[in-house]
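# A look at the structure
Chain residues, written in single-letter form:
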Amino acid sequence: MQARLREEMNQNAIALWKMFEKNNVFIEDKALDEYLTSLVHKIYPGQIAGRPGNLRVKVIKEWIDGGPNAFALPNGYICVNTWLLSILKNEEELMAILAHELTHYMLDHSLVSKIKEEKRKNRANTATLVVGTLFGIAESIDAEQTGREVDFQSIEDVVTATDDLTKEMVKNAYFKYSRENEFEADGVAAELLEFIGIDPLAVSDALSALKQWKTEMGVYQSTTNPEDTHPALDDRIETIGKPRVRMDDLAYEGMCSQAFSKTIPLYLKMNDKSNALQLIEKNIKNKKATSLDYYYKAKLCLSNNENNEALNCLKIAEKEMFDEMYDLYKMEANIYIKLKDFNKAIDAAKKYKKNMEVLSITQFGNKEITEVINSEIRWSENLINRLK
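Structural notes, computed from the coordinates. Treat the numbers as computed from the prediction; the structure is a model and nothing was measured.

A separate point is the packing of aromatic side chains. Following the criterion strictly, the structure yields 7 aromatic pairs and no others. Judged by centre distance (5.3 Å) and plane angle (80°), the ring pair of W83 and W213 falls under edge-to-face. Of this pair, W83 sits in helix α3 (residues 82-87) while W213 sits in helix α10 (residues 202-217), and the two are 130 residues apart along the sequence. Judged by relative accessible area, which is 0%, W83 ranks as buried. Residue W213 is classed as buried on the basis of its relative accessible area, which comes to 10%. Cluster of aromatic residues (ring-pair linked, three or more members): W17, F20, F26 and Y77. Between R56 and the ring centre of Y77, over which it is positioned, the NZ or CZ distance is 5.1 Å.

What follows covers the packing of helix α17 (residues 328-338) against helix α19 (residues 367-387). Close contact between α17 and α19 brings their axes to 12 Å; oriented N to C, the two are set at 25°. Compared by their axis directions, α17 and α19 come out roughly parallel. Seen along the crossing, α17 lies across α19 with a hand that is left-handed. Here K330, A333, N334 and I337 of α17 lie close against α19, whose contacting residues are E376, W379, L383 and L387. Within the contact of α17 with α19, the residues separate by chemical class into 5 nonpolar, 1 polar and 2 charged.

Conventions we followed
- Residue numbers run consecutively from 1 along every chain, following the written order of its sequence.
- Confidence filtering applies because this is a predicted model: local features only for residues at pLDDT of at least 70, side-chain atom pairs given and counted only at 80 or more, and all residues used for totals across whole chains, interfaces and linings.
- Excluding hydrogens and water, the side-chain figures rest on all heavy atoms present in the structure.
- Centre distance within 6.5 Å is the pairing criterion for rings of Phe, Tyr and Trp, where only the six-membered ring of Trp is used; planes under 30 degrees apart are then read as stacked, over 60 as edge-to-face, and the remainder as tilted.
- The way it works is that DSSP assigns letters per residue, a run of H or I at least four long becomes a helix, a run of E at least two long becomes a strand, and they are numbered from the N terminus.
- With a 1.4 Å probe rolled over the protein chains alone, any residue whose accessible area is under 20% of its type maximum counts as buried; one over 50% counts as exposed, and the rest are partly exposed.
- Two limits define a charge over a ring: the Lys NZ or Arg CZ must be within 6 Å of the ring centre, and within 35 degrees of the ring normal.
- To get an axis, fit a line to the C-alpha atoms, keeping to the stretch in contact for a helix; angles then go from 0 to 180 degrees between the N-to-C directions.
- Geometric relationships in this document are graded by angle, where less than 35 degrees denotes roughly parallel, more than 145 denotes roughly antiparallel, 65 to 115 denotes roughly perpendicular, and other angles denote oblique.
- Left-handed describes a crossing whose near helix is turned anticlockwise from the far helix through less than a right angle; right-handed describes the clockwise counterpart.
- Residues are treated as being in contact if the distance between any of their heavy atoms lies within 4.5 Å.
- The classification used treats Ala, Val, Leu, Ile, Met, Phe, Trp, Tyr, Cys and Pro as nonpolar, Asp, Glu, Lys and Arg as charged, and all other residues, Gly among them, as polar.

Structure, rendered in structure tokens:
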């Protein structure tokens, strides 16, 4: 049975990976992928004897309701999301996360747990088994309240190309490791780090990063729910040892700059301006900021009535326009009005009107969006006429 389950898990992990590729779940950052994979090979060089696949890591996009996440697939592939990378301070904390996920893979926690599940459920129908096997091993690094389960509602959002049956199976599929699995993964991760010369307290550091994030989001639960099978973060941290003072790592920040950029709009959607600005400033400091970073900084500056700084950011941002920046020239026009520079406000309004006209062509046939675009065109025309 073990051989059969392992082969099923391997094949379905490959299928999941291909689905992620097809639906653009991975962020395109070859340098970051290679960097993360090199860290995994530093922790454990080569292929694990008797196990399928090769160790590698990819970064996946984040979703607004998911939060920091990492999970391992049974073929040795590890996925880390952008939000998790954004809350870590340095390379050692990242290696602690990777060592934890690698341990679950090395110790076959998913296979052992799957066998127990099969005995308990007396084998569900084949379709449920396939998806359960596939997604059962995917795990959140957070094991505090709801168990180590993937945010499957979020995964459903990225599988729009699949049929309704598959999406329903994905949404309902989840899997949990035991407390023993989690404590064991933490402990072995600490030993792996110590073996290669890294302070094992890096595991506590990484867990404290997650604790800090959950506390800031107002969702942290310090004690383990008696009905839950998973340990609280405080219990896991206490087992490993007191976290150290967390230190910034400029090289780490530079490597993860694109992941930071992907996480900034998530914080803004939550109206968390402080963390959004912190990530923007990190990218600017490391000379890795994108046009979108400057665009989002302009929005933050406007919310604080910092008009000149917002305008400076927009001027940098407009050098490379992205779809998300559709209202950039509208922002510029409003700033110029506040600064009483009406000629420049007219110029910005004309650029905005032109962009909306181009957008209306691409959205032809979409009545709802076309109505919004037309209202923006009228806004531009009215503003131009008033300022002339």
